[in-house]
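This is what each chain is made of:
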Amino acid sequence: MPIKLILTLALVVLVTVFTGFNLDNKCNIWLFHTFEQIPVSVTILISLLIGVLITLPFTFGKRVKDVEKKERRRAEKIARKEKAAQKKQGAVAEKKQKDPACAKSDSSGETPATPSV
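Residue numbers restart at each chain and count upward from 1, following the sequence in its written direction. Totals for whole chains, interfaces and linings use all residues, but because this is a predicted model, local features are given only for residues with pLDDT of at least 70 and pairs of side-chain atoms are given and counted only at 80 or more. With hydrogens and water excluded, all non-hydrogen atoms of the structure serve as input to the side-chain values.

Engineer: Please clarify how the overall build of the chain should be interpreted in this entry.
Structural biologist: From N to C terminus, the chain includes three helices and two strands. Strands here mean DSSP runs of E at least two residues long; helices mean DSSP runs of H or I at least four residues long; both are numbered from the N terminus. N-terminal to C-terminal, the α/β element order of the chain is α-β-β-α-α. When the 117 residues of the chain are sorted by exposure, 3% land in the buried category. What makes two residues a contact is simply this: any of their non-hydrogen atoms within 4.5 Å. Pairs at least 24 residues apart make up 3% of the contacts formed inside the chain by residues separated by at least 6 positions. For the accessible areas, the method is Shrake-Rupley and the probe is 1.4 Å, while residue cover comes only from the protein chains on display. When the accessible surface of the chain is summed, it comes to about 11,100 Å², and 66% of that surface belongs to carbon and sulfur atoms. Only protein chains enter the calculation, and the probe is 1.4 Å; a residue is then buried if its accessible area is under 20% of its type maximum, exposed if over 50%, and partly exposed in between.

Structural data, given as structure tokens:
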């Protein structure tokens, strides 16, 4: 936790130093109108904020899709397990109908010993 705080403070110091050194640097910006003598640091910060605002909807939209995909996969996995269990039960029932010795078997799956004749 303290490392994140230290890194955040270092980043704030770097941004402050960058801004301080570039206060004298100015540029013209054309956006359907020419804005003259805008500081470079302000231009960079505005560009960053516009990029963040454009990126946010895509980020949140992806999370919703990921959650839906995870739920769909989980439901498919449960359905496959249930189908496999039903198939196994059907095979056991069919085997019991064909072989009466299997019907007498205990729950461990072992067949009872048959007496020798």
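Picking up after the structure, the text goes on.
Engineer: It is not clear to me how the pairing of strand β1 (residues 26-30) should be interpreted in this structure. Could you clarify?
Structural biologist: For a regular strand, side-chain orientation follows a simple rule: the groups alternate between the two sheet faces. For two strands to be treated as a pair, DSSP must find no fewer than two bridges joining them. Pairing between β1 and strand β2 (residues 34-39): four bridges, direction antiparallel. Bridging across to β2, Lys 26 finds its partner in Pro 39. What sits between β1 and β2 in their antiparallel hairpin is a turn of three residues, with Phe 32 showing a positive phi close to 60°.

Engineer: I would appreciate a short explanation of the side chain of Ser 41 in the present structure.
Structural biologist: Note on placement: Ser 41 falls in helix α2 (residues 40-98). If sequence neighbours within four positions are ignored, Ser 41 has contacts with Phe 18 and Thr 19.

Engineer: Any chance you could explain the packing of aromatic side chains here in plain terms?
Structural biologist: In this description, a pair of aromatic rings is defined by centroid distance and the angle of the planes. Aromatic rings from Phe, Tyr and Trp, taking only the six-membered ring of Trp, are treated as a pair when their centres fall within 6.5 Å; an angle between ring planes under 30 degrees marks them as stacked, one over 60 as edge-to-face, and anything in between as tilted. Summed over the entire model, instances satisfying the criterion amount to one aromatic pair. Ring plane angle 50° and centroid distance 5.6 Å describe the contact between Trp 30 and Phe 32, whose orientation is recorded as tilted. Trp 30 gets classed as exposed once you look at its relative accessible area, which sits at 61%.

Engineer: I tried to follow the confidence of the model for the chain on my own but got confused; where do I start?
Structural biologist: The predicted structure's coordinates, where accompanied by low pLDDT, should not be read in detail. For the chain, per-residue confidence averages 80 on the pLDDT scale, and residues scoring 70 or more make up 79% of the total. At the low end of the mean pLDDT range in the chain sits helix α3 (residues 100-103), at 58; at the high end sits β2, at 89. How sure the predictor is of each residue is captured by pLDDT, a score from 0 to 100.

Engineer: Please explain unusual backbone geometry as it appears in this structure.
Structural biologist: The general pattern is negative phi for most residues beyond glycine and trans for most peptide bonds. At Phe 32, a residue that is not glycine, the phi angle is positive and equals roughly 60°. On the secondary structure map, Phe 32 appears in the loop between β1 and β2. Look at Phe 32 and you get exposed, because its relative accessible area is 74%. Here the phi dihedral of Gln 37 falls at roughly 55°; this positive angle occurs in a residue that is not glycine. Secondary-structure assignment places Gln 37 in strand β2.

Engineer: Please explain a positive patch on the surface as it appears in this structure.
Structural biologist: Positive charge collects at one region of the surface, where Lys 65, Lys 69, Lys 70, Arg 72, Arg 73 and Arg 74 lie side by side. Structurally, Lys 69 is set in helix α2. Surface patches are defined over residues having more than 30% relative accessible area and no salt bridge, joining like charges when they lie within 9 Å and nonpolar side chains (Val, Leu, Ile, Met, Phe, Trp, Tyr) when within 5 Å. Counted as salt bridges are all cases of a side-chain nitrogen of Lys or Arg within 4 Å of a carboxyl oxygen of Asp or Glu. Asp and Glu are treated as the negative residues and Lys and Arg as the positive ones, with His and the ends of the chain left uncounted. A single reference atom marks each charge: NZ on Lys, CZ on Arg, CG on Asp, CD on Glu.

Engineer: Would you explain a nonpolar patch on the surface in this entry?
Structural biologist: Judged by side-chain polarity, Leu 45, Leu 48, Val 52, Leu 53, Leu 56 and Phe 60 come together as a nonpolar surface patch covering roughly 570 Å² of accessible area. Summarising the element assignment, Phe 60 is placed in helix α2. Taking relative accessible area as the criterion, Phe 60 reaches 46% and is therefore assigned partly exposed.

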